[in-house]
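This is what each chain is made of:
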Amino acid sequence: RLLEAVRESRLPEVRQILAGLVVEGDPVRAAKALVQALAKARERIEPLIASAERARQAALDFDDSPSFDLREESVRERQRELFAARIRQLELKALEAERVHQALMEIFAFLKPCAAAWLAGEVERQGSWILKCELLEGLAAMGARDLLRAAAEREPEPVVKAAAVEGMLDERAADYLA
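Now for a description of the structure that goes with this document.

Cut-off values and rules
Residues numbered from 1 in each chain as written. Predicted model: local features only at pLDDT ≥ 70, side-chain atom pairs only at ≥ 80, totals over all residues. Heavy atoms only, no water. Helix = DSSP H or I, 4+ residues; strand = E, 2+ residues; numbered from the N terminus. Rg over C-alpha atoms; globule rule 2.2 N^0.38 Å. Contact = heavy atoms within 4.5 Å. Areas by Shrake-Rupley, 256 points an atom, 1.4 Å probe, with all protein chains shown as cover. Lys, Arg positive; Asp, Glu negative; His and termini not counted. Charge placed at Lys NZ, Arg CZ, Asp CG, Glu CD. Axes fitted to C-alpha atoms, helices over the stretch in contact; angles between N-to-C directions. Parallel < 35°, antiparallel > 145°, perpendicular 65-115°, else oblique. Nonpolar A, V, L, I, M, F, W, Y, C, P; charged D, E, K, R; others polar. Core = buried A, V, L, I, M, F, W, Y, C linked by side-chain atoms within 4.5 Å. Buried < 20%, exposed > 50% of the residue type's maximum accessible area, 1.4 Å probe, protein only. Salt bridge = Lys/Arg side-chain N within 4 Å of Asp/Glu carboxyl O. Left-handed = near helix turned anticlockwise from the far one by under 90°.

A few words on the overall build of the protein chain. When its secondary structure is counted, the protein chain shows nine helices and zero strands. Mapped in sequence order, the helices and strands of the protein chain form the string α-α-α-α-α-α-α-α-α. In terms of C-alpha radius of gyration, the protein chain reaches 22 Å, well past the compact-globule figure of 16 Å for 178 residues. Each principal axis of the C-alpha atoms in the protein chain carries an extent, and together these give about 70 × 45 × 25 Å. Considering only residue pairs separated by 6 or more positions, the protein chain has 65% of its internal contacts joining residues 24 or more positions apart. For the protein chain, the computed accessible surface area is about 10400 Å², with 55% contributed by carbon and sulfur atoms. In the protein chain, which carries 27 positive and 32 negative side-chain charges, the distance between the mean positions of the two groups comes to 5 Å.

Shown next, in the form of structure tokens:
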């Protein structure tokens, strides 16, 4: 149900399902569902943003040079209105998908601490640097500073290491900044 709600960008339903998982369920099971939903949300956002960008580019490429033919000018005006409506529609869909993603990220703060170790292991197993960074941000929201320090020590990718260091926000983070 959660993945379907994420795919359809139904924010109230996503929040309701997440609340149920966190309050009633097993913390590790909730973390697993959250990781799957984050990946699905990212898959949903990227094509929406790309579509909005293509629509904007099509609008820019549209030949709207002045014409003295009134019928042609009214057709062009209608075409510009259609471009604007399409861009607005795609941007609203992308924004709604971003809101769903943000709701998923916010739920990390409410996961029980016993899920932190599983999430740290998942950071190691993930191939996507974006998802790794999101999981490290989640660990930071959970207050798992030691797990973030371990991740910063073992991660070779600078962007992932930076996400781990950012999550530490204490004097131990200074070791990595020097």
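What follows is about the packing of helix α6 (residues 129–142) against helix α8 (residues 158–168). Running from N to C, α6 and α8 point in directions that differ by 10°, and their axes come no closer than 9 Å. Between α6 and α8, the angle is such that the two are roughly parallel. Where α6 approaches α8, its residues Trp129, Lys132, Cys133, Leu136 and Ala140 are matched on the opposing element by Val159, Val160, Ala163, Ala164 and Gly167. Residues belonging to the contact of α6 with α8 are distributed by class as follows: eight nonpolar, one polar and one charged.

As a rule of thumb, nonpolar side chains are buried together in soluble globular proteins. Membership of the largest hydrophobic core comes to 46 residues, with the highest contact counts inside it found for Leu2, Leu104, Phe108, Leu111, Leu119, Leu136 and Leu139. Contributing elements (two or more residues each) for this core: α1 (2–7), α2 (11–24), α3 (27–61), α4 (70–106), α5 (116–125), α6, α7 (145–154) and α8. The element contributing the most residues to this core is α3, with eight residues. In contact with Leu111, other than residues within four places in its own chain, are Val22, Pro27, Ala30, Ala31, Leu34, Leu119 and Met142.

On to the environment of Glu13, then. By secondary structure assignment, the location of Glu13 is in helix α2. Along the chain, Glu13 and Val28 lie 15 residues apart, while their C-alpha atoms are 21 Å from each other. If we ignore the near neighbours within four places in the chain, the residues touching Glu13 are Arg1 and Ala5.

It is worth spelling out the pattern of salt bridges at this point. Evaluated as defined, the whole model comprises 14 salt bridges. Glu134 serves as the salt-bridge partner of Arg42, at 2.6 Å between the closest nitrogen and oxygen. With Arg42 in helix α3 and Glu134 in helix α6, this pair connects stretches of sequence that are 92 residues apart. With a shortest N-O distance of 3.5 Å, Lys132 and Glu155 are connected by a salt bridge. In this pair, Lys132 sits in helix α6 while Glu155 sits in the loop between α7 and α8, placing the two residues 23 residues apart along the sequence. Overall, Lys132 belongs to the buried group, its relative accessible area being 8%.

Orientation of α5 relative to α6, taken along the N-to-C sense of each, is 160°, at an axis distance of 9 Å. With respect to their mutual orientation, α5 and α6 come out roughly antiparallel. Considering how the two elements wind past one another, α5 and α6 form a crossing that is left-handed. Across the interface between the two elements, Ala116, Leu119, Ala120, Glu122 and Val123 of α5 pack against Lys132, Leu135, Leu136, Leu139 and Met142 of α6. Among the residues forming the contact of α5 with α6, the class breakdown is eight nonpolar, no polar and two charged.

The values reported here are purely geometric and, on their own, carry no functional implication.
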